[in-house]
Structure formats: C-alpha cells, structure tokens
Amino acid sequence: MYDLTVIIPTFKEEANIRTIITEVETVFRNSGLNGEILVVDDNSPDNTIAIVSELKKTLPNLNLLVRTSDHGLSQSVADGFSHASADVFVVIDADLSHPPALIPKMYAEIRAGADIVIGSRYMEGGGIRKWPIKRRVISLGATFLGRLLFPEVTDPVSGFFALRKSVVTHAKLKPRGYKILLEVLGKGSWENDKEIPFEFSDREVGSSKLKIKTIIEYAQQVIDITLYSFFHHESAAWREWKKVFKFGIVGISGIIVNQGLLIALKEYAGLPIPIASIIAIQMAILNNFLWNDIWTFKEMGKPQKISSRWQRLLAFEVVSAGGAVINFAVLNAFVTFLVMDYQAANIIGILLGFVWNFLVNRRFTWVRKHE
C-alpha cells in the first residue's frame, strides 16, 4: 500500500514530463516515502505518453492513465482521484511550476490532521516569479472570487495541493477548466485545512493553456458552487453563507437599536437630534459588534489574527464608518445625478454598505491567524 499518490495531469508535456517524474521520485527516495506517481494524460499527440511508458519500465511505482474523451485539467485530476492507489493525494503540475520538494511537508500535515493542504502563492513567504502583468491580474481576480466563498484560504485556486481520499470520495464534483481545487473546497467533505507558502515559477518550456474560455468556465464554477451550497448545508461554502446571513440578521437588529434609541432619546430624554443620533448610531455599532463577535463568527474554531476583543471593536468601528460613507455617497449620488427616489437610493446604499462591512470585516476583523 502506498503512503500517497502524486497525481500529475498532462497534455503535450514532452519537454517537462521526464524531469517532473524524476524529481518526484527523488523526493520519495530522499524522504523515505512509499509513493505512487500517477500521470493522467489527455491523449497527448506529442511524445508525452511514450516517455512515461518508457519510464514505467524502470519505475514500478509509476502508472499512466490515458483519457480519450472529455479533456481538461480538472477532469484529469478528478479521474486521478478515482484511479489513485493511496488514501492521500498530492496534485502537482507537470510544467515544473510547483516545487516537488514540498511534497513530504504536505504529507506530514495530512498525517498531523489536516484534510486539505494547499500550496499558497499569496500567504507570507509565497510568491510568483516570471509572470506577465496580464496573468497576475487574472490570477488575482480569480483568487478574489474564490475568497468570497472561502475567505480563510489565501489561495483557493492553487493547482498545488494535497488531500485525504475521504474528502472527495462522495463529493459530487463537476470538474471544469483549471481550478479543480475550488471544486474540491466547495463540494468536498473537509473541516481542517493548512496552507504552505511556495514560490510559483512560470513554465520554462511549453506553452500556457490559459484561454478566455477558461475564465468563463471559472465564473460558471463559482456560481455553481454557490448554488450547490444552498442545497448542501454540509459544504464548506455554506458555512460561509451562514455567516453572511447571520451578519445580516445582526445588521437588522442594529437598525432596530438605532431607531429605538433615537426615538427614546429625542422624545423622552429630550436630547437634540444630532446628539441623540450620534449616541444611537454608536450603540447600534456596539450592538452589531458584540453579536457578530459572540454569534456570527463564534465558530471560526482557530486563532484569530486580531486576538483582542477591544482591537476587533476598533477595527469594526473603522469599517462601519466606511460603510456609512458608502451609504451616504450612494444615496446622494443617485438622487442628484440619476434623479432616483431617495428611499430607493437609500436601500441601494444600505446594501452596498452591508457588502462593504461584511467583506472587509471578514478579511480584517474576523480572520484566522495563519500559523
């Protein structure tokens, strides 16, 4: 029985395949791992298959799966999950952009209790070398969309990751495009993840397969995972949507506190409206913070980056001020320039302020500490 299976999806990788297989095998040998190498090829018209077949003669732990239909990187990896011999999988690109030297560390983290281990380009210590600005912008955009669903994961679209077989055994994966990790995060069965920084190096030889179709497929994937989570409440994406809904409920309670105090302070305490309004707003912010801290984000389950409640309150105050500015600016802009009814404009401003408050607070006020 193998300790792990390294899955290498390929298509026209004759220039790199021998090197990546040799490097992975060297890592196995040096680390004492009993590993399988599974090359999953999309029926390459070049010499990729021939080279792997040749190497198989001297490497008994090397296996080859040739796919003749439904081609695609994500589909190849998903097929690799089904054909791998071990209970731990590591997915790595064939183009030498991912460092095989990190495989033992990924495996160790799985053994230590992680369900998924992700090689991250965007956490401290990670990076990208030799990428043109266009690809950087596309990657950052894809990462931003992915982090809307999984804000705790710094690189949810990484192509370099490890996982337990149990994560995908019963997952209803719909692989498409190049972002199979996002599909696994969205539909797999997992609780604990770990990220390891690495420096991504763009391919030295061969050509990138990034196309406009890939971007469209990615957007469809994000939508599909979102819809999936609404009907599968065991999914990780639903855990995040629950926070959104709770954040909204807390926001409604803040409106009630604000309105109730404003009336009480004005009508019964006799305070001037400006003073009554300031007090009511501040108490509503305090109400929202406390409920979010003890309810909305209670189940984060890991150390938070801002450990002090007072510091989180300060961060929440600053973010809330930004939300108020957005609300005010949208209300006035829509009324002045679009001649929109002020009530409708205010609702739009409130919604945009809510989006700001949730996303920024989720990114900075309540976010786990990466160890």
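Relevant structure appears above.
A short tour of the structure in this document, coming up. (Residues numbered from 1 in each chain as written. Predicted model: local features only at pLDDT ≥ 70, side-chain atom pairs only at ≥ 80, totals over all residues. Heavy atoms only, no water.)

## Examining the packing of aromatic side chains
Working step 1: The tally for this structure, following the rule as stated, stands at 14 aromatic pairs.
Working step 2: Ring geometry for Phe 81 versus Phe 89: centroids 5.4 Å apart, planes at 15°, classification stacked. An identical accessibility class is assigned to Phe 81 and Phe 89; each is buried.
Working step 3: Above the ring of Phe 200, the side-chain terminus of Arg 121 is found at 5.8 Å from the ring centroid.
Working step 4: The residue whose ring lies beneath Arg 239 is Trp 190, and the NZ or CZ to ring-centre distance is 5.3 Å. (Phe/Tyr/Trp six-rings, centres within 6.5 Å; stacked < 30°, edge-to-face > 60°. Buried < 20%, exposed > 50% of the residue type's maximum accessible area, 1.4 Å probe, protein only. Lys NZ or Arg CZ within 6 Å of the ring centre and 35° of its normal.)

## A closer look at the environment of Gly 141
Working step 1: Turning to its location among the elements, Gly 141 is positioned in helix H5 (residues 133-149).
Working step 2: Remark: the alpha-carbon pair of Gly 141 and Ile 215, spanning 74 residues in sequence, is separated by 10.0 Å. (Helix = DSSP H or I, 4+ residues; strand = E, 2+ residues; numbered from the N terminus.)

## Overview of a nonpolar patch on the surface
Working step 1: On the surface, Phe 144, Leu 145, Leu 148, Val 355 and Leu 359 cluster together to form a nonpolar patch covering roughly 390 Å² of accessible area.
Working step 2: Those elements that place two or more of their residues in the nonpolar patch are H5 and helix H12 (342-365).
Working step 3: In terms of residues, the nonpolar patch owes the most to one element, H5, which gives three residues.
Working step 4: Turning to its location among the elements, Leu 145 is positioned in helix H5. (Patch = residues over 30% accessible without salt bridge, like charges linked within 9 Å, V, L, I, M, F, W, Y side chains within 5 Å. Areas by Shrake-Rupley, 256 points an atom, 1.4 Å probe, with all protein chains shown as cover. Salt bridge = Lys/Arg side-chain N within 4 Å of Asp/Glu carboxyl O.)

## Brief notes about the pattern of salt bridges
One side chain can pair with another of opposite charge once the charged atoms of both are near each other.
Working step 1: Applying the stated rule across the entire model yields 15 salt bridges.
Working step 2: The residue Lys 187 makes a salt bridge to Asp 224 at a minimum N-O spacing of 2.6 Å. Taken together, the positions of Lys 187 in helix H7 (residues 180-187) and Asp 224 in helix H8 (residues 212-231) put the pair 37 residues apart, joining distant regions of the chain. Across the pair, exposure class does not vary: Lys 187 and Asp 224 are buried alike.

## What about the sheet that holds strand E8 (residues 193-197)?
Working step 1: Spatial strand order, E3-E2-E1-E4-E7-E5-E8: seven strands in an open sheet with mixed pairing. The open sheet has two edge strands, strand E3 (62-66) and E8, and neither has a second partner. Averaged over all pairs of adjacent strands, the angle between strand axes in this sheet comes to 20°, irrespective of strand direction.
Working step 2: Running at roughly 160° to strand E2 (residues 35-41), helix H1 (residues 17-31) makes contact with strand E1 (4-10), E2 and E3 of the sheet. (Pairing = 2+ DSSP bridges. Axes fitted to C-alpha atoms, helices over the stretch in contact; angles between N-to-C directions. Contact = heavy atoms within 4.5 Å.)

## What about the packing of helix H9 (residues 236-268) against H12?
Working step 1: Where H9 meets H12, the axes come as close as 11 Å, and the angle between the chain directions of the two elements is 130°. Judged by the inter-axis angle, H9 sits oblique to H12. Classified by chirality, the crossing of H12 by H9 is right-handed. Residues Glu 240, Lys 243, Val 244, Phe 247 and Gly 248 of H9 pack against Phe 354, Asn 357, Phe 358, Asn 361 and Arg 362 of H12.
Working step 2: Tallied by class, residues from the contact of H9 with H12 come to four nonpolar, three polar and three charged. (Parallel < 35°, antiparallel > 145°, perpendicular 65-115°, else oblique. Left-handed = near helix turned anticlockwise from the far one by under 90°. Nonpolar A, V, L, I, M, F, W, Y, C, P; charged D, E, K, R; others polar.)

## Remarks on H9
Working step 1: An ideal rise of 1.5 Å per residue puts 48 Å on 33 residues; H9 measures up with 48 Å between its terminal C-alpha atoms.
Working step 2: Residues of H9 that are buried include every one of Ala 236, Ala 237, Trp 238, Glu 240, Lys 243, Val 244, Lys 246, Phe 247, Gly 248, Val 250, Gly 254 and Leu 265, and no others.
Working step 3: Downstream of H9 by one or two residues, Gly 270 has phi in the positive range, about 75°. (Expected span 1.5 Å × (residues − 1).)

## Things to note about the nonpolar core
Working step 1: Leu 4, Val 6, Ile 8 and Ile 21 are the most contacted members of the largest nonpolar core, which totals 35 residues.
Working step 2: At the level of elements, E1, H1, E2, helix H2 (48-56), strand E4 (88-91) and helix H4 (103-111) are the ones that each hand at least two residues to this core.
Working step 3: Ignoring anything within four residues of it in the chain, the contact list for Ile 8 reads Ile 17, Ile 20, Ile 21, Ile 37, Leu 38, Val 39, Val 40, Ile 92, Asp 93 and Ala 94.
Working step 4: Counting 32 residues, the second-largest nonpolar core is a separate cluster that includes Ile 116, Val 157, Ala 171 and Tyr 218. (Core = buried A, V, L, I, M, F, W, Y, C linked by side-chain atoms within 4.5 Å.)

## Considerations on the packing of helix H10 (residues 273-296) against helix H11 (residues 309-337)
Working step 1: Closest axis-to-axis distance for the H10/H11 pair is 10 Å, and the angle between their directions is 125°. Taken together, the axes of H10 and H11 lie oblique to each other. At the point where H10 passes H11, the crossing takes the right-handed sense. In this structure, H10 contributes Gln 282, Ile 285, Leu 286, Asn 288, Phe 289, Asn 292, Asp 293 and Ile 294 to the contact, and H11 contributes Arg 309, Arg 312, Leu 313, Phe 316, Glu 317 and Ser 320.
Working step 2: Looking at the contact of H10 with H11, its residues break down into six nonpolar, four polar and four charged.

Function cannot be read off these values alone, since they describe shape.
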